[in-house]
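Residues per chain are reported as follows:
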Amino acid sequence: MKSKQTVLMIILSLVLGLSACNVPAAPTTPPTADNAESVESGVTPSNTPAPSIPEPTPTPVVDTSMYTPEIASTTTEVIYEQYQRVGLGGRDTFFWPDGNIGFIPLDDGQFRFFGANGSRTAVSVGTLDDPGAVMESHKLVIAGIDPEFSYAAGGPIYRDPESGLLLLFYHAERHLGGNGLIFHAAIGLAVSEDDGATFENLGIIIETNALPDRNAVCCADVGGATYTIKDGDFLVYFRDRMEDLSTIELAVASAPVDEVLAAAKSGNTSPWTKYHQDGPQPGLFGTSSPLEIGNPPTDWFHVSYNTALERYVMVIATHDRAEEYNYQLYLTTSVDGYTWSPRVLLLEMEDEITYPSLISVEGDPLNSSQDFYIYYVTTPRGTTRWHNTTFHRMTVSLTGEMLEPKRGWEFDTDPEGWTPLWEMDSFEVQDGVLIIQSAGNDPHMVSPATAISSDTYKQIEVRMKVGAGAIGQFFFTTQDVPFHVEEASLVFPLERSDEFVTYTVDMSAVPAWTGTIGDLRFDPTDQAATIEIDYIRFIP
């Protein structure tokens, strides 16, 4: 019995001992005013500081302003063949549309369209499928045009929602020496108080930086005066000719909408301001800065605000200056209306492409959405414009996604947008390699637009094999340096080898390597030689 009690006592002691291991230890610090609550609650105060909670790592802010829209699909259709286009509504519309098309919605679900028909404006009523169904006026004259302008016609139009007043942005031409083939253009503004039946001239609002000169190279074209509205200001896009006869291919001028309307109601124009990177310039004869990095060529363009992307979108028609029959239609976007992303190719063909107009499928004059139309005209190669010209419509569908700019070119199947500019007799991709035969001591080629951040990418890596030569050279453009110049370039030595050599060129050594890089010009050698390029890449 005694032994059993002893065993039970031992077991009980073990259980109590084990239980005590799970009880908080008694406080070793006496209660004070500071720790009394902790002690009473059974929480042991400690002189060891509590571990600090790490600050959350901030999510990097990604600049997507230079991202490009992803195209889901494009489809094209013919709206008017030549025989239809030249006689819309039974009228003489041989030169329609000789520029951008504008429109205003009507109450019956139709639209009133405005478009140049040669030197005068055609006004029609119809639908988006048949815009020239009823031709109200095929040669509307803007009253009060200065006699120095032989051509004054427009399409882009704005209706004041309060007064119903219409403003027509028109393209005006001085035919220098009486020759319509040599002209110097400007942009003017006209007003209508009768819903477009008549227009009264208000005056010229935008002149090129270069003064009209009959002896200058033809021609000083400004485009069709396409516009949008941002933060209460009109933004009118145009081409500007500089005093040195160079061209700013895409420029913009602005003016507050309320000031423009107030002046129009009194029969006047208000001041307009051209954008220049060093500060505002007057709309009349001031200087401009290019809005696209690298200042790529343009012919005609048209703008809209896209509600799906929450960005401005612009369609640009242009052609390859190095080839006679190579025309393109591009799309570009902008967050602020001033800086535009690299272009996305929509269409390329041998036929001439001109006068694009970007129009909402919903019939909104200022805004477009995920699906929109682009109207344009084409003329077959070797044919004079208007003698066999077709009026088309492209339907563009966006995915809504924006894509990061390309960081390099692998040349797997094609040149990927690179274009030979000088002293390159052959330029083709074979078996994943771009093979070039240079014909002199200054062969060079130019890349498509890049929009690469100089802060992120500081070097260019090129893997190539060069048959002869001592040096290669990369040129680049930025917002501040829109042209390829020596100050924005870097020379590197070539290595004599029968094998491919990888060159890493530190572009950050050039002071001009700042901001966004627009494009590259590459001089792969300084001699006549066979050049084989495996890839060109931007690297950090």
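In this convention, every chain numbers its residues from 1, walking through the sequence in written order. Per-residue local features of the predicted model are confined to residues with pLDDT of at least 70, and side-chain atom pairs are confined, for both listing and counting, to 80 or more; whole-chain, interface and lining totals are unaffected and use all residues. Hydrogens are left out, water is left out, and the side-chain values use all remaining heavy atoms of the structure.

1. Description of the environment of Gly518
Link 1 in the chain: Runs of E in the DSSP output that reach at least two residues are strands. Runs of H or I that reach at least four are helices, and both are numbered from the N terminus. Counting through the fold element by element, Gly518 comes out in the loop between strand S33 (516–517) and strand S34 (520–523).
Link 2 in the chain: For Gly518 and Ile452, which are 66 residues apart along the polypeptide, the C-alpha to C-alpha distance reads 7.0 Å.
Link 3 in the chain: Whether two residues are in contact is decided by their heavy atoms: any pair within 4.5 Å suffices. Setting aside chain neighbours within four positions, we find Gly518 in contact with Ile293, Pro448, Ala449, Thr450, Ala451 and Thr477.

2. Side note on a nonpolar patch on the surface
Link 1 in the chain: A patch is a set of surface residues, each over 30% in relative accessible area and not in a salt bridge, joined within 9 Å for like charges and within 5 Å for the nonpolar side chains Val, Leu, Ile, Met, Phe, Trp and Tyr. All accessibility values rest on the Shrake-Rupley procedure with a 1.4 Å probe; residue burial counts only the protein chains present in the view. Here, a salt bridge means any Lys or Arg side-chain nitrogen found within 4 Å of an Asp or Glu carboxyl oxygen. Judged by side-chain polarity, Leu211, Leu284 and Phe285 come together as a nonpolar surface patch covering roughly 280 Å² of accessible area.
Link 2 in the chain: Each residue is assigned to one of three classes by its accessible area relative to the maximum for its type, calculated with a 1.4 Å probe on protein chains only: buried under 20%, partly exposed between the two thresholds, exposed over 50%. The class for Phe285 is partly exposed, based on a relative accessible area of 34%.

3. Some details on the packing of aromatic side chains
Link 1 in the chain: Put simply, two rings from Phe, Tyr or Trp (the six-membered ring, in Trp's case) pair if the centres are within 6.5 Å, and we call them stacked under 30 degrees between planes, edge-to-face over 60, tilted for the rest. All told, the structure shown has 30 aromatic pairs when counted by the stated rule.
Link 2 in the chain: With 6.4 Å between their ring centres and 85° between their planes, Tyr158 and Tyr227 make a pair best called edge-to-face. Of this pair, Tyr158 sits in strand S6 (residues 151–159) while Tyr227 sits in strand S10 (residues 227–230), and the two are 69 residues apart along the sequence. Each member of the pair, Tyr158 as well as Tyr227, is classed as buried.
Link 3 in the chain: Three or more aromatic residues link up through ring pairs in this structure, and these residues are Tyr80, Trp96, Tyr373, Tyr375 and Phe391.
Link 4 in the chain: The aromatic ring of Tyr373 is capped on one face by Arg393, whose charged end is 4.1 Å from the ring centroid. Placement of a positive charge over a ring is assigned whenever Lys NZ or Arg CZ falls within 6 Å of the ring centre and within 35 degrees of the normal to the ring plane.

4. Topic: the nonpolar core
Link 1 in the chain: As used here, the term nonpolar core means buried Ala, Val, Leu, Ile, Met, Phe, Trp, Tyr and Cys residues forming a set that is joined through side-chain atoms within 4.5 Å. If you look at the biggest cluster of nonpolar residues, it comprises 35 residues, and the most contacted ones within it are Met445, Phe474, Phe522, Ile533 and Ile536.
Link 2 in the chain: Mapped by element, the contributors of at least two residues to this core are strand S25 (424–430), strand S26 (433–438), strand S29 (459–466), strand S30 (471–476), strand S32 (501–506), S34 and strand S35 (530–539).
Link 3 in the chain: Contacts of Ile536, omitting those with residues within four sequence positions, involve Gly408, Trp409, Phe411, Trp418, Met445, Ile460, Glu461, Val462, Phe474 and Phe522.
Link 4 in the chain: The next biggest cluster of nonpolar side chains, apart from the first, holds 29 residues, and it includes Ile187, Leu202, Tyr227 and Ala251.

5. Here's the deal with the sheet that holds strand S15 (residues 300–306)
Link 1 in the chain: Strand pairing requires that DSSP identify at least two bridges connecting the strands. If you trace the five strands from one edge of the open sheet to the other, you get S18-S17-S16-S15-S20, paired in mixed fashion. Edge positions in the open sheet fall to strand S18 (344–349) and strand S20 (367–368), since each of these has one partner strand only.

6. Digging into the confidence of the model for the protein
Link 1 in the chain: Taken over all residues, the pLDDT of the protein has a mean of 89, while the share at 70 or more is 89%.
Link 2 in the chain: Under a pLDDT of 50 for its full length, residues 1–51 has, in the predicted model, nine contacts with residues more than four places off or in other chains. A score between 0 and 100, pLDDT records how confident the predictor is in each residue.

7. Focus: the pattern of salt bridges
Link 1 in the chain: Counted by the stated rule, this structure contains 22 salt bridges.
Link 2 in the chain: When the shortest N-O distance is used, the salt bridge between Glu148 and Arg174 registers 2.8 Å. Here Glu148 is found in the loop between strand S5 (134–140) and S6, whereas its partner Arg174 is found in strand S7 (residues 166–175), with 26 residues between them in sequence.
Link 3 in the chain: According to the relative accessible area criterion, Glu148 is partly exposed, its value standing at 40%.
Link 4 in the chain: Notably, a salt bridge pairs Asp195 with Arg159, separated by 2.9 Å at the nearest N-O pair. Taken together, the residues span a long stretch of sequence, with Asp195 in the loop between strand S8 (183–192) and strand S9 (200–207) and Arg159 in strand S6 at a distance of 36 residues.
Link 5 in the chain: The class for Asp195 is partly exposed, based on a relative accessible area of 27%.
Link 6 in the chain: When salt bridges that share partners are traced, they join Arg112, Glu136, Arg159 and Asp195 into one network.

8. So, the layout of surface pockets
Link 1 in the chain: Lining residues are defined by having an atom within 4 Å of a point belonging to a cavity or pocket. Those points lie on a 1 Å grid over the protein atoms alone, cavities being sets where a 1.4 Å probe fits but cannot get out and pockets being open sets with protein on both sides within 12 Å along at least five of seven lines. Grid points are joined across faces, edges and corners, and a volume is the space filled by probe spheres set on the points. Considering only enclosed or pocket space, the second largest pocket measures out at about 760 Å³ in volume.
Link 2 in the chain: In this structure, the second largest pocket is lined by 26 residues; those nearest its centre are Glu173, Phe183, Asp221, Tyr355 and Arg385.
Link 3 in the chain: Those elements that place two or more of their residues in the lining of the second largest pocket are S7 and strand S19 (352–360).
Link 4 in the chain: When residues are grouped by polarity, Ala, Val, Leu, Ile, Met, Phe, Trp, Tyr, Cys and Pro land in nonpolar, Asp, Glu, Lys and Arg in charged, and all others, Gly among them, in polar. Partitioned by chemical class, the residues of the lining of the second largest pocket number ten nonpolar, eight polar and eight charged.

9. Here we look at the state of the cysteines
Link 1 in the chain: Whenever a pair of cysteine sulfur atoms sits within 2.5 Å, that pair is classed as a disulfide. Applying the stated rule across the entire model yields one disulfide.
Link 2 in the chain: Across the disulfide, Cys218 is cross-linked to Cys219 (sulfur-sulfur distance 1.4 Å). Between Cys218 and Cys219, the S-S dihedral sits near -40°, and the bridge is therefore left-handed.
Link 3 in the chain: The buried category is assigned to Cys219, whose relative accessible area is 19%.

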